[in-house]
Amino acid sequence: MFANATTSTCQPCPIYQCTQCSSLTVCISCNTTNSYYLTSPTCSFCDPALNFFINTTTLQCQACSIPHCTKCSSLTTCSICNTTAGYFINTTNSLCYSCAPTNCLTCLNLTYCQTCNKTAGYVLNPATGQCEICTMPGCTNCSTTVSCYDCN
């Protein structure tokens, strides 16, 4: 709402995604919850799909600068890491880290693997979180370290 000096009445703001206006054509605050930020005199969309976020300090749209992060929620917090390149979110500091275990494709944390490189013959040992080569006699495709999916 804003006070219209011409009509001496309170009127709703007509500017899309504007939460507070000073006139019919000038916005002073935008709906940041819906990823809009102030670009005087209107509001513009800050596209999170393009790895942008609204900086809560400046209320401006900013590109994510966290390495290997595909979606930032702030300058220091990543919400989605580039998992296709083997990165995961460290829940301690919300930054992206590379999977450390050998032949691991996706990690749960720095030392525990979630999926292994099956095409190279590796399977997950759920007890250790490490990828191990399939060594079951007569097995051409292990499903785990102790069970076979396809036999010779």
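Summarised in this report is the structure supplied together with it. (Residues numbered from 1 in each chain as written. Predicted model: local features only at pLDDT ≥ 70, side-chain atom pairs only at ≥ 80, totals over all residues. Heavy atoms only, no water.)

## Quick notes on the overall build of the protein
Rules: Secondary structure follows DSSP: runs of H or I at least 4 residues long count as helices, runs of E at least 2 residues long count as strands, and numbering of each begins at the N terminus. Only protein chains enter the area calculation, which uses a 1.4 Å probe; residues under 20% of their type maximum are buried, those over 50% are exposed, and those in between are partly exposed. Pairs of residues are marked as contacts when any of their non-hydrogen atoms sit within 4.5 Å. Here the open area of atoms and residues is found with the Shrake-Rupley method and a 1.4 Å probe, where only the protein chains shown may cover a residue.
The secondary structure content of the protein amounts to zero helices and 18 strands. With the C-alpha coordinates aligned to their principal axes, the bounding extent of the protein is approximately 90 × 25 × 20 Å. Taken across its 152 residues, the protein has 27% of its residues classed as buried. Contacts in the protein between residues at least 24 apart in sequence constitute 7% of all its contacts with a sequence separation of at least 6. Total accessible area on the protein is roughly 9200 Å²; 57% of this is exposed by carbon and sulfur atoms.

## Side note on the packing of aromatic side chains
Selection criterion: Whether two aromatic rings pair depends on their centres lying within 6.5 Å, for rings of Phe, Tyr and Trp, where Trp uses its six-membered ring; planes under 30 degrees apart make the pair stacked, over 60 edge-to-face, and the rest tilted.
All chains considered together, the criterion is met by three aromatic pairs. Taken together, a centroid distance of 6.5 Å and an interplanar angle of 40° make the contact between Phe88 and Tyr97 tilted. Exposure remark for Phe88: the relative accessible area of 6% places this residue in the buried category. Through pairs of rings, three or more aromatic residues link up here, namely Tyr16, Tyr36 and Phe45.

## A look at the environment of Cys21
Examined against the element boundaries, Cys21 turns out to sit in strand 3 (residues 18-21). By relative accessible area, which is 5% here, Cys21 ends up buried. When the C-alpha atoms of Cys21 and Phe88 are compared, they prove to be 42 Å apart, with 67 residues separating the residues in sequence. Every residue in contact with Cys21, bar those within four places of it in the chain, is listed here: Met1, Phe2, Cys13, Pro14, Val26, Cys27 and Ile28.

## Points about the environment of Leu75
Within the fold, Leu75 resides in the loop between strand 9 (69-72) and strand 10 (78-81). Given a relative accessible area of 41%, Leu75 falls into the partly exposed group. For the pair Leu75 and Cys64, spaced 11 residues apart in sequence, the C-alpha to C-alpha distance is 6.9 Å. Residues contacting Leu75, with those up to four places away along its chain left out, are Phe53, Asn55, Gln62 and Ile66.

## A few points about the state of the cysteines
We count it as follows: Any cysteine sulfur atom paired with another within 2.5 Å is treated as part of a disulfide.
A complete count under the given rule lists 11 disulfides for this structure. Shown here is the disulfide that connects Cys13 with Cys21, its sulfur atoms set 1.6 Å apart. One quick way to see it: the torsion about the S-S bond of Cys13 and Cys21 is about 140°, and its sign makes the bridge right-handed. Each member of the pair, Cys13 as well as Cys21, carries the same accessibility label: buried. Across the disulfide, Cys30 is cross-linked to Cys43 (sulfur-sulfur distance 2.0 Å). Its S-S torsion of about -95° marks the bond between Cys30 and Cys43 as left-handed, since a negative value means left-handed. Note that Cys30 is positioned in strand 4 (residues 27-30) and Cys43 in strand 6 (residues 42-45), a separation of 13 residues in sequence. Each member of the pair, Cys30 as well as Cys43, carries the same accessibility label: buried.

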